[in-house]
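# Close look at the chain arrangement
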Amino acid sequence: MFRATLKSLLARKLRLVLSGLAVILGVMFVSGALVLTDTLNRSFDSIFASAYAATDVSVAAKPKVDVSEREGEDVAAPFPASVVETIKTQPGVRSATGRVDADGARVIATDGKVLTSFGPPRIGSNWTGADATMEMRAGRGPEAAGEIAMNATTAELAGYRVGDRVPVLTQQPKREFTLVGVWGYTGGRDSISGLQEVAFTTPVAQELMLGEKDVFTSVTVAAADGVTPEQLRDRLAPVLGSGYDVKTGDQLAAQNSADLKEGMGFFNQILLGFAGIALFVGIFLILNTFSIVVAQRTRELALLRAIGASRRQVINSVLVEAVVVGVIASVLGLAAGVGAGAGLGALFSSMGGGMDLAPLGVPLSAVISSFAVGILVTVVAAVLPALRASRIAPVAAMQDVATPDRPLTKITVAGAVVASAGAAALGTGLFADAGDATLYLILGGVLVTFIGIALLTPLISRPVVSLLGRLFSWSVPGRLGRLNSGRNPRRTAITAAALMVGIALVTGVTVVMDSAKSSLKAEAARILKAQIMISGDQGGPRPPTYDPAVLDRAAQIPGVRAAAGLWNDLVAIGEDRTYVAATRDLSVMAEAYGTTAPRLTADQIAVSAPEAAERGWQTGTTVTVQTARGDPHTYTVAVVFPENALPGSIIMPAEAIKGFGISQPVLGFIRLDDGITVSSVLPQVKALVADSPEVSALDQQTFVDDQAAVFDQLIMMIQILLGLAILIAVLGVINTLALSVLERTRELGLLRAVGLGRAQTMRMITVEAVVIAVFGALLGVAVGAGMGSAVARALKDDGITQIVLPWDRMATYLVLAALVGVIAAVVPSIRAARLNVLNAIAHD
């Protein structure tokens, strides 16, 4: 029986290839994600091990507000220079060097644009000389206040050479320096992990990066001869107390590497999530393939039963085929995943400014996952066809092969039950307070709902397909294509369901994003009274900022009613970490925003009504707030304002800004007097921000459009990632048609014999493909619009007040589905047209 199975499999190589493609693509996603994660993890380990190779012990004050890797960089807590002197006097210390290292040194390149960073921070530091890991490429270190040095990556990206004048943005407005040196790192590296670094003299670094004199962010301590880093660490820790982190270089390397790995874990989960979607779609393709194959082998399987094969042997025969397909697809998918992981790694390296990647490796987890996923998915999809094959009676060997359609009662009832269960879970997750189970209810509800709808699809496929087919029934090939697409509702439904899943997800996401975008624009038009805004596009972990003096000068422009800036930062309130805003004068901000509010004193805050209700605050409540660089301070809630009446949920007074990690405003709002046109003032504001190239002055409509553009970017990203699932669905259409052509060889020969031409045969197959593809897209658009509307409705309290159906995009999806049908029909239609008529008629 085993030999018969293998011979049957080898005799149908096309079937093997087509059914394995879906698994290959899904496994590629899984293994690619794991290969990428492994490569990046080893890269991080190597990078930080090298970076701290010359560090015995490092001392730093504990961050006052913990920041996760996903939220950005920890804001270094400065400590006095006296700490460095204390460390120098301890036994076992050979030397102690005070360091200033802080994010926020942004170099303005020769083209006038600020160098962006899509990951690594842009560090400003004090020059303390080249350590064992550094090598000077040109010039020397800075010695005067007007001099800087930078690493080779920064110099190359910005286009500067030694001797050039370089404008730099820091915690203070733009200043120009003379570039006197460029350094690299041992091993020919231009940077560490793509880091952009600018080195100042120590007093300038303290002034520009920390805003204080005689303070440092860390101390690099070298151990005396005979003292190990661990021994030195243990000696210093009790001397400095619990307010300081004392760690060896190895500990710092491991900690920094672990932090980056944590941030990358989220991206890895996204890739695996889309891999799951692709494999879910692939199950439909494999299920359809094996169903068609079993139908085609009815006589063969009946003969096996007639000569003594048991039902179990027939089931095992089909499952063995599935295992073989799964193993081969897993091997190919793993190989493709290694290539995909290498490509994604190179992309990360380029986006990270040339991060040094570790040699490509294939972790054991990728190998195990590839085979486990590939084989499991294939076998699961083949179970139902295998059971169906075992029920073939031996008498079928004496009959013509026929595949009569079975009643749809059972599958319809099952679909209704499953869809109802999925809808119930989805509704509970969206509209009820399910606590920690909310996300699982939503994701599980979506998955189960898709399965239920797929089970219900055969019920509606015949009438809908018949209706769609009438569009092509003006010719004989069109009528034949219409009849063929509806002759087997189950087959058509499974093929269409695969396409439905991908398009439904894209449509659902589009509905949610377009609803959010429309709601944002409507809310902005309602509450935003400022006609001119100052803002910029964030090109790294740090938001764009501008010189606060711009606000003072803007307020002096004739026709300006109010000009207010907004600062923000992450703070700690008790055990909770939250983002807060700050402004220099709340009354001016209220005027710019079109409302009224009193000026806050140094000990007062303003809170939105929803925030106050959630935290149980009211006017007069006292709150202790810990900022990134300040000391804990107790404030009194002085103002509770309506939701969205002012920017932010918690607004701090001007005195709190000095404790923020970012000491410059990130947004600006300028309101004009009645009767003053934006066009008369906007050019003057643009001139004021010319020295702050990270930001620009925008009219209200442009500002709102820029804020809403992020939703379009998310839609595009999700469409690209879901493109793999849609590609698998397209393969499903090709697979169904190709196997259908093989199944109907004799029928096609008879049609050709009675006068159907080759071109007509191709048109017939094309109509069949187009009808199936459009049916799947129609289902996807309908299901996606429904699910997207439900999610948008559930997010009403989170600001989505309008539900928008993207009719233009949904129509585009339908048109593209028709085009997909035409493309999918190319190979099967050519194969059908090339059939030898006599051989086809004689085909059994």
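Here goes a summary of the coordinates provided. (Residues numbered from 1 in each chain as written. Predicted model: local features only at pLDDT ≥ 70, side-chain atom pairs only at ≥ 80, totals over all residues. Heavy atoms only, no water.)

## Concerning the overall build of the chain
Using the following cut-off: A run of H or I in DSSP counts as a helix once it spans at least four residues, and a run of E counts as a strand once it spans at least two, with each numbered from the N terminus. Burial classification: accessible surface area is computed with a 1.4 Å probe over protein chains only, and a residue below 20% of its type maximum counts as buried, one above 50% as exposed, and the rest as partly exposed. By the convention used here, residues are in contact when the closest approach between their heavy atoms is within 4.5 Å. All accessibility values rest on the Shrake-Rupley procedure with a 1.4 Å probe; residue burial counts only the protein chains present in the view.
Across its full length, the chain carries 24 helices and 23 strands. Looking at the 844 residues of the chain, the share that counts as buried comes to 51%. In the chain, once contacts between residues fewer than 6 apart in sequence are set aside, the share between residues at least 24 apart is 81%. When the accessible surface of the chain is split by element, carbon and sulfur atoms take 60% of a total near 36,400 Å².

## Here we look at the packing of helix α14 (residues 489-527) against helix α21 (residues 758-794)
For clarity, the cut-off: All axes here are fitted lines through C-alpha atoms, helices being fitted over the stretch that makes contact, and every angle between N-to-C directions spans 0 to 180 degrees. Handedness of a crossing is defined here by the sense of rotation of the near helix relative to the far one, left-handed for an anticlockwise turn of less than a right angle and right-handed for a clockwise turn. Amino acids outside the nonpolar list (Ala, Val, Leu, Ile, Met, Phe, Trp, Tyr, Cys, Pro) and the charged list (Asp, Glu, Lys, Arg) are all regarded as polar, and Gly is one of them.
At a minimum axis separation of 6 Å, α14 and α21 run at an interaxial angle of 35 degrees. Our pair here, α14 against α21, has a crossing hand that is right-handed. Grouping the constituent residues of the contact of α14 with α21 by class yields 17 nonpolar, 10 polar and no charged.

## Here's the deal with the sheet that holds strand β1 (residues 57-61)
What counts here: Think of it this way: DSSP has to see at least two bridges between two strands before they count as a pair.
Reading across the sheet, the four strands line up as β3-β13-β1-β14 and stay open at both edges, with antiparallel pairing between neighbours. Sheet topology places β3 (93-99) and β14 (244-248) at the edges, where each strand pairs with a single neighbour. For this sheet the average axis-to-axis angle between neighbouring strands, irrespective of direction, equals 20 degrees. As judged from the three bridges shared by β1 and strand β13 (residues 218-223), these two strands associate in the antiparallel manner.

## Considering the pairing of strand β9 (residues 165-169)
The buried fraction of β9 amounts to four of the five residues, a majority that puts the element mostly inside the structure. Where strand β5 (residues 106-107) meets β9, two bridges bridge the pair, whose relative direction is antiparallel. The partner of V107 across the bridge, within β9, is V168. Pairing analysis gives four bridges linking β9 to strand β10 (residues 175-185), with the strands arranged antiparallel. Looking at the pairing, V168 lines up with R175 of β10.

## What to know about the pattern of salt bridges
The line we're drawing: By definition here, a salt bridge exists when the distance from a side-chain nitrogen of Lys or Arg to a carboxyl oxygen of Asp or Glu is within 4 Å.
Considering all chains together, one arrives at 22 salt bridges under this definition. One salt bridge connects D712 with K517, and the closest N-O pair in it is separated by 2.8 Å. On the criterion of sequence distance, the pair formed by D712 in helix α19 (residues 700-743) and K517 in helix α14 is long-range, its members being 195 residues apart. Classification of K517 by relative accessible area gives buried; the value is 16%.

## Quick notes on the environment of A645
Along the chain, A645 falls in the loop between β20 (633-641) and β21 (650-652). According to the relative accessible area criterion, A645 is buried, its value standing at 18%. Note: C-alpha distance between A645 and L528 (117 residues apart in sequence) is 8.8 Å. Sequence-distant contacts of A645, defined by excluding residues within four places in its chain, comprise Y593 and T595.

## Considering the packing of helix α22 (residues 807-824) against helix α23 (residues 826-833)
Put simply, the test is: If an angle is under 35 degrees, it is roughly parallel; if it is over 145, roughly antiparallel; if it lies from 65 to 115, roughly perpendicular; otherwise it is oblique.
Following both chains from N to C, one finds α22 and α23 inclined at 40 degrees, their axes separated by 5 Å at the closest point. By the angle class used here, α22 and α23 are oblique. Two secondary-structure elements touch here, α22 through V822, I823 and A824 and α23 through V826, V827 and P828.

## Things to note about a nonpolar patch on the surface
We count it as follows: Residues qualify for a patch when their relative accessible area is over 30% and they have no salt bridge, like charges being joined within 9 Å and the nonpolar side chains of Val, Leu, Ile, Met, Phe, Trp and Tyr within 5 Å.
Taken together, L816, L819, V822 and I823 make up a surface patch of nonpolar side chains, about 350 Å² in accessible area. With respect to the helices, strands and loops of the structure, I823 is situated in helix α22.

## Examining the nonpolar core
What counts here: Put simply, buried Ala, Val, Leu, Ile, Met, Phe, Trp, Tyr and Cys residues joined by side-chain atoms within 4.5 Å make one nonpolar core.
By size, the foremost hydrophobic cluster in this structure holds 74 residues, and its most contacted members are V281, F284, F450, M500, V501 and V783. For this core, the leading source of residues is helix α7 (residues 249-296), giving 14 residues. Sequence-distant contacts of V783, that is, excluding residues within four places in its chain, are made with F450, I453, M500 and A504.

## Observations regarding the sheet that holds strand β15 (residues 532-535)
Across the sheet, nine strands lie side by side as β19-β20-β18-β21-β17-β16-β22-β15-β23; this open sheet has mixed pairing. Lying at the two open borders of the sheet, with one neighbouring strand each, are β19 (622-625) and β23 (696-699). This sheet shows a mean twist of 35 degrees between the axes of neighbouring strands, independent of strand direction. Examined bridge by bridge, β15 and strand β22 (residues 667-672) share three bridges and lie antiparallel to one another. Note that in β22 the partner of I532 across the bridge is I670. Its contacts with the sheet place helix α16 (residues 586-593) against β16 (560-573), β18 (604-608), β21 and β22, and it is angled at close to 115 degrees to β16. Taken strand by strand, helix α18 (residues 678-688) contacts β15, β16, β22 and β23, and its axis lies near 170 degrees from that of β23.

## Describing unusual backbone geometry
The residue D214 is not glycine, and still its phi comes out positive at about 55 degrees. Summarising the element assignment, D214 is placed in the loop between α5 (202-210) and β12 (215-216). Residue N644 is not a glycine yet carries a positive backbone phi of 65 degrees. Residue placement: N644 occurs in the loop between β20 and β21. Residue classification places N644 among the partly exposed residues on the basis of a relative accessible area of 33%.

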